[in-house]
Amino acid sequence: LLDNTLTILWVVGLMNAINMLDNMDAIAALVCLCILITALVQFLISRTAPDVNLILILAVCGALCGFLFFNWNPSRMYMGDTGSQFLGVFIAYLGIRYFWNSAGHDGLFQPWRQVSITLVVFLLPIVDTTTVTINRILRGSSPFVGGKDHTTHHLGYAGLTDTQVAMTFGGLGAFSGFLGLVALRFIPVWRPLYTGLYLGYALAVFLILFGITRKGGIDRPL
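Residues numbered from 1 in each chain as written. Predicted model: local features only at pLDDT ≥ 70, side-chain atom pairs only at ≥ 80, totals over all residues. Heavy atoms only, no water.

Visitor: Got a minute to help me understand the side chain of Asn 53 in this structure?
Guide: Looking at where Asn 53 falls in the secondary structure, it is placed in helix 3 (residues 52-71). Accessibility expressed as a relative area gives 7% for Asn 53, which makes it buried. Looking at Asn 53, its side chain comes within polar contact range of the side chain of Tyr 93, at 2.9 Å. (Helix = DSSP H or I, 4+ residues; strand = E, 2+ residues; numbered from the N terminus. Buried < 20%, exposed > 50% of the residue type's maximum accessible area, 1.4 Å probe, protein only. Polar contact = N/O pair within 3.5 Å; in protein donor to acceptor, adjacent residues only side chain to side chain.)

Visitor: Please clarify how helix 2 (residues 27-45) should be interpreted in this entry.
Guide: Each full turn of the α-helix corresponds to 3.6 residues, which orients residues three or four apart in the same direction. Counted at 1.5 Å a residue, the expected span for helix 2 with its 19 residues is 27 Å, and the 27 Å between its end C-alpha atoms agrees. The element helix 2 is largely enclosed, with a buried count of 15 among its 19 residues. (Expected span 1.5 Å × (residues − 1).)

Visitor: How do you make sense of the environment of Leu 21 when you look at a structure like this?
Guide: Looking at the element boundaries, Leu 21 is found in helix 1 (residues 2-21). Assessed through its relative accessible area of 0%, Leu 21 is described here as buried. Along the primary structure Leu 21 and Thr 151 are separated by 130 residues, whereas in three dimensions their C-alpha atoms are 9.0 Å apart. Setting aside residues up to four positions removed in sequence, Leu 21 forms contacts with Ile 27, Ala 28, Val 31, Pro 125, Asp 128 and Phe 169. (Contact = heavy atoms within 4.5 Å.)

Visitor: Looking at this structure, I do not really get the pattern of salt bridges. What am I missing?
Guide: Opposite charge on two side chains allows them to pair when their charged atoms are near. Applying the stated criterion across every chain yields a total of two salt bridges. Asp 149 is the salt-bridge partner of Arg 136, the closest N and O atoms lying 2.7 Å from each other. With Arg 136 in helix 6 (residues 123-139) and Asp 149 in the loop between helix 6 and helix 7 (151-157), the pair connects residues that are 13 residues apart, well separated along the chain. Comparing Arg 136 with Asp 149, the two get one shared label, buried. Arg 139 serves as the salt-bridge partner of Asp 149, at 2.6 Å between the closest nitrogen and oxygen. Here Asp 149 is found in the loop between helix 6 and helix 7, whereas its partner Arg 139 is found in helix 6, with ten residues between them in sequence. Take Arg 139: its relative accessible area is 22%, and that puts it in the partly exposed class. Residues participating in the shared-partner salt-bridge network are Arg 136, Arg 139 and Asp 149. (Salt bridge = Lys/Arg side-chain N within 4 Å of Asp/Glu carboxyl O.)

Visitor: Teacher, can you tell me more about helix 1 here?
Guide: Its 20 residues give helix 1 an end-to-end C-alpha distance of 28 Å, which sits within 8% of 28 Å, the value for a rise of 1.5 Å per residue. Within the sequence span of helix 1, burial applies to Leu 14, Ala 17, Ile 18, Met 20 and Leu 21. One face of helix 1 carries all of its buried residues, which in axial projection span an arc of 150°. Across helix 1 from its buried face, at more than 90 degrees, point the exposed residues Asn 4 and Ile 8. In this structure, the buried side of helix 1 is in contact with helix 2, helix 4 (80-100), helix 6 and helix 8 (162-186). (Arc of directions from axis to C-beta.)

Visitor: What should I look at first to understand the environment of Leu 124 in this one?
Guide: Following the sequence through the fold, Leu 124 ends up in helix 6. What makes Leu 124 buried here is its relative accessible area of 4%. Counting along the chain gives 72 residues from Leu 124 to Gly 196, while the straight-line C-alpha distance between them is 19 Å. Among all residues touching Leu 124, those that are not within four sequence positions of it are Val 31, Phe 169, Leu 172, Gly 173 and Leu 209.

Visitor: Can you walk me through the packing of aromatic side chains in this structure?
Guide: One pair of aromatic rings is described through two measures. These are the centre distance and the angle between the planes. Applying the stated criterion to the full structure yields ten aromatic pairs. Consider the rings of Phe 69 and Phe 70, whose centres lie 5.0 Å apart with planes at 85°: the pair is edge-to-face. An aromatic cluster is present here, built from Trp 10, Phe 99 and Phe 122 joined pairwise through their rings. (Phe/Tyr/Trp six-rings, centres within 6.5 Å; stacked < 30°, edge-to-face > 60°.)

By themselves, these are just geometric observations and shouldn't be taken as functional.
This is the structure in structure tokens:
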């Protein structure tokens, strides 16, 4: 029952997180592409026999690359709810299949290892949604109503252009994916030190982005 409940919360949560992250040109597509490429590399280096997942990941990566050509600032094409929610469901499945359910080199499942890897790979959608939810609750407004108070918007208020914000999120997404692959392929024995380092990295990114959103106060108009 607990496993089923957590799975539903994970899938529904990521659907909404990617939908909320689709608030500025190229952001949602870049973040999802980083997650997809990480899952693709994990698939390839795990020497798993080719299956339909490989085709699906390659197809969605190709679609996102083509979409980014038109979605890059200034955008000529937009993702919309249907696209973002599909991506949310798809990467949620990949997170369960290739990160949460990934066994260590000894073939054993280590909860803190799984939590650390999954959190880091999916860090940006989680951080943005958490930040927006906290700030809106503090402001007394509903977390489910759209607005221009996301981490991406606040980076823009801090002086970055839309292109620079996209490159910042793309860089963070790529680096987080790299850390996930390092944990999956090059750390044979998971120790508490690694948990501390990975969770520390996640906390640092959250505090930096959350701090930027608080710099102008919680009363910034939506």
